[in-house]
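# Descriptive structure summary
Take a look at the letters that make up each chain.
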Amino acid sequence: MLRESHLTGEGTYLVVRIRGRKRQQPRVGTPEAALTANAGLAAISELCGRLGVIEAVDAAVGPIKQRDRGFSAGELLAGIAAAQLAGEDFLTGLDRQRADVAGQLLTPVPGLASTTAAGLARRITPAQWEAVEHGLAAVTGRMLDLVPAERAAALAAGPVTIDLDTTDVEVYGRKKRGVAYNHQGQRVGRPHVAAWAETEIVLAADLGDGSDDPRATAPGLLRRALGCLPAAVRAGRVAMRADAGYFAGQLARAAHDERIAFAIGAKRIAPLWRLLAGIAEEDWHDAIEMENAQVAVAEYCPDWWPADTRLLVRRVLLDPGQVSADPRSRRRRTLHPDQRALPIPELAEAGAIYAYSFILTNLDVTAPDKAAAAEHWYRHRTTIENIFRDSKLGAALRHLPSGYAQVNTAWMWGALLAASIAAWLHQLTALTAGQDIVHGHGVRGGKAMIATLRRQLIAVPGRLIRHARHLTLRLPPGHSLLPEILARLRELPAPA
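This one's a predicted model, so the numbers in the text were calculated from it and none came from an experiment. (Residues numbered from 1 in each chain as written. Predicted model: local features only at pLDDT ≥ 70, side-chain atom pairs only at ≥ 80, totals over all residues. Heavy atoms only, no water.)

### Comments concerning the overall build of the protein
Helix and strand counts for the protein stand at 21 helices and 16 strands. Considered along the principal axes of its C-alpha atoms, the protein spans approximately 85 × 70 × 50 Å. When contacts within the protein are restricted to residue pairs at least 6 apart in sequence, those whose partners lie at least 24 apart make up 68%. Within the structure as shown, the protein displays about 24,800 Å² of accessible surface, and the carbon and sulfur contribution to it stands at 52%. (Helix = DSSP H or I, 4+ residues; strand = E, 2+ residues; numbered from the N terminus. Contact = heavy atoms within 4.5 Å. Areas by Shrake-Rupley, 256 points an atom, 1.4 Å probe, with all protein chains shown as cover.)

Quick look at the structure:
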């Protein structure tokens, strides 16, 4: 008989006995319904309950069926997000989660099947998808009310940054709707997202196809994102960042009309290259936290842009070995046209080699230190790329699983909601105790990525037992993070 000391490692063993003892082969017993592989979904359910995620989305979207029965829009999105947080890649993952009897007692939305989710998603109208943003905005506002006062004041005081960007999600089905070929010849759907950069919370999003030009819908997306900021945050200093794919006066005028600052990357067009000749060498000043980089300011305002627009120019000194011979390479396109056409041997003899970037902004860049600070702030617009990376590698935005555009929109919002859940969890738990809740790899700026949360918090095996009319969740030894997170979340007040 196997004694308890053999399992716990307690007691003393003689080496002679250990060598001579034959290892027992365990027998595989019948499956036990009380076991679950994702006990950490209890923390996700607790978080959704304390923030009122499902109720807030339902209040904003309204009913999606004539009869008040079955699942609502909030339950649909929360169920998809929970499945993606647990590691499911396709809609059929909802069926695998549904087969986990013990896990259904812990997940935010039990009983959601893949066919049900697809049918419900096709009922939601475009106006209701935009209303989802208002529901999640209410959740973000409640999160801001629950965080410590010092942290809430710091977030509200700003600066508050809205990042705009798109990402391509490649698909392979020829009959899929709502997708198109992009410039690289890939059939893609194109999520267009606006996010609150300092918290990595998604504010607004659309799902287009590979032929969509984001500049056409960017002003409306910016206004929707501003409307989804909490009132206390909206009253502070707000600014918007976007890359060169948004190089258009409509977005700049929209930001100017909303009385917020903007910084938009400019395409490397001929007038900008000609402006470099008018910048003296003494006008270049060192950039912040970037080696061999300098910043200068030029007077340039395209037609139909706000009159206070200025041009920021950044140049980075390159070694000839850093430049590819392929004219299609990204770094070679940043060289001056006179140097770009040279082969590598002649390029090495051409003198200093600089990579140039251009930024149009209405920020105060009248002094060298202000110009360097503006360029340093704009350089961190890659925060939204971290959200895309987390939504694709941590959640399941790396593909669109359905042939229907409405179902793929629900899948996109499930992935973005999963990323926002990770952000809300960080704000409400890690900062409450003043320390990181998750240690090790996969932590960015104190915030754990979804893959790290899954490994250390969500994908934890557990056994559910009933005793004295209570459910008890038993975890393996050494898994103390989940009880700690649950304790912190349960200290928060429940929504009214």
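### Examining the packing of helix α4 (residues 53–61) against helix α9 (residues 126–146)
Closest axis-to-axis distance for the α4/α9 pair is 7 Å, and the angle between their directions is 140°. Comparing the axis directions of α4 and α9 gives the class oblique. Crossing angle aside, the handedness with which α4 passes α9 is right-handed. In this structure, α4 contributes Val-53, Ala-56, Val-57, Ala-60 and Val-61 to the contact, and α9 contributes Gln-128, Ala-131, Val-132, His-134, Gly-135, Leu-136, Ala-138 and Val-139. In terms of residue class, the contact of α4 with α9 is made up of 10 nonpolar, three polar and no charged. (Axes fitted to C-alpha atoms, helices over the stretch in contact; angles between N-to-C directions. Parallel < 35°, antiparallel > 145°, perpendicular 65-115°, else oblique. Left-handed = near helix turned anticlockwise from the far one by under 90°. Nonpolar A, V, L, I, M, F, W, Y, C, P; charged D, E, K, R; others polar.)

### Structural notes on helix α13 (residues 249–257)
In an α-helix there are 3.6 residues to a turn, and that puts residues three or four apart on one side. Taken together, the buried positions of α13 are occupied by Gly-249, Leu-251, Ala-252, Ala-254 and Ala-255. Along its buried surface, α13 packs onto β2 (160–166), α11 (214–228), β7 (238–242) and β8 (261–266). Downstream of α13 by one or two residues, Arg-259 has phi in the positive range, about 60°. (Buried < 20%, exposed > 50% of the residue type's maximum accessible area, 1.4 Å probe, protein only.)

### Focus on unusual backbone geometry
Of all residues except glycine, most have a negative phi; of all peptide bonds, most are trans. Even without glycine at this site, Glu-289 takes up a positive phi of about 55°. The exposure class of Glu-289 is exposed, given its relative accessible area of 67%.

### A word on the pairing of strand β5 (residues 187–196)
Of all 10 residues in β5, 10 are buried; the element is thus mostly enclosed. Taken together, the five bridges between β2 and β5 define a ladder with antiparallel strand orientation. Across the sheet, the residue bridging to Ile-162 is Trp-196, located in β5. As paired strands, strand β3 (residues 169–170) and β5 are joined by two bridges and run antiparallel to one another. For Val-169, the partnering residue across the bridge sits in β5 and is Gly-189. Alignment of strand β4 (residues 180–181) against β5, held across two bridges, turns out to be antiparallel. From the neighbouring strand, Tyr-181 faces β5, where its bridge partner is Arg-187. (Pairing = 2+ DSSP bridges.)

### What to know about the pattern of salt bridges
A pair can form between side chains of opposite charge whenever their charged atoms are brought close. Enumeration over the complete set of coordinates arrives at 22 salt bridges. Put simply, Asp-206 and Arg-224 hold a salt bridge, and the shortest N to O gap is 3.0 Å. Separated by 18 residues along the polypeptide, Asp-206 in strand β6 (residues 201–209) and Arg-224 in helix α11 bring together distant segments of the chain. You can call Asp-206 partly exposed: its relative accessible area is 24%. The partner of Arg-223 in a salt bridge is Glu-258, with the nearest N and O atoms 3.9 Å apart. (Salt bridge = Lys/Arg side-chain N within 4 Å of Asp/Glu carboxyl O.)

### A short note on the nonpolar core
With 134 residues, the main nonpolar core has Ile-162, Leu-164, Leu-222, Met-240, Trp-413 and Trp-424 as its most contacted residues. Residues within four places of Trp-413 in sequence aside, it is in contact with Leu-77, Trp-129, Val-132, Glu-133, Leu-136, Val-202, Ala-204 and Ala-205. In terms of nonpolar packing, the next biggest core, distinct from the first, is built from 20 residues, Ala-261, Val-295, Val-323 and Trp-377 among them. (Core = buried A, V, L, I, M, F, W, Y, C linked by side-chain atoms within 4.5 Å.)

### Quick look at helix α21 (residues 481–490)
The complete set of buried residues in α21 reads Leu-481, Leu-482, Ile-485, Leu-486, Arg-488 and Leu-489. Mapping the buried residues of α21 onto a view down its axis gives an arc of 165°, with all of them on the same face. (Arc of directions from axis to C-beta.)

### Digging into the confidence of the model for the protein
Here the protein averages 90 in pLDDT, and 92% of its residues register 70 or above. The low-confidence segment residues 431–437 (pLDDT under 50) makes 17 contacts with residues lying over four places distant or belonging to another chain. (pLDDT = per-residue confidence, 0-100.)

### Concerning the environment of Glu-170
With respect to the element layout, Glu-170 can be found in strand β3. Taking the C-alpha atoms as reference, Glu-170 lies 6.3 Å from His-399; in sequence the two are 229 residues apart. Not counting residues within four places of it along the chain, the set of residues in contact with Glu-170 comprises Gln-186, Arg-187, Val-188, Arg-398 and His-399.

### Let's talk about the pairing of strand β11 (residues 310–318)
Across the nine residues of β11, seven count as buried, placing the element largely inside the fold. In this structure, strand β10 (residues 293–298) lies alongside β11, joined through six bridges in antiparallel fashion. Pairing of Gln-294 across the sheet is with Arg-315, part of β11. As paired elements, β11 and strand β12 (residues 353–361) share nine bridges and run antiparallel to each other. Pairing of Arg-310 across the sheet is with Thr-361, part of β12.

### Section: the sheet that holds strand β15 (residues 462–467)
Ordered in space as β1-β15-β16, the three strands form an open sheet in which the pairing is antiparallel. One side of each edge strand has no neighbouring strand; the edge strands of this open sheet are β1 (35–36) and β16 (470–474). Here β1 runs beside β15; their pairing, made up of two bridges, is antiparallel. Looking across to β15, one finds that Thr-36 is bridged to Gly-462.

### Concerning the side chain of Ser-402
Relative to the elements of secondary structure, Ser-402 occurs in the loop between α18 (383–394) and α19 (405–433). In terms of polar contacts, Ser-402 uses its side chain to reach the backbone amide nitrogen of Tyr-404, at 3.1 Å. Those residues in contact with Ser-402 that lie beyond four places of it in its chain are Lys-176, Val-407 and Asn-408. (Polar contact = N/O pair within 3.5 Å; in protein donor to acceptor, adjacent residues only side chain to side chain.)

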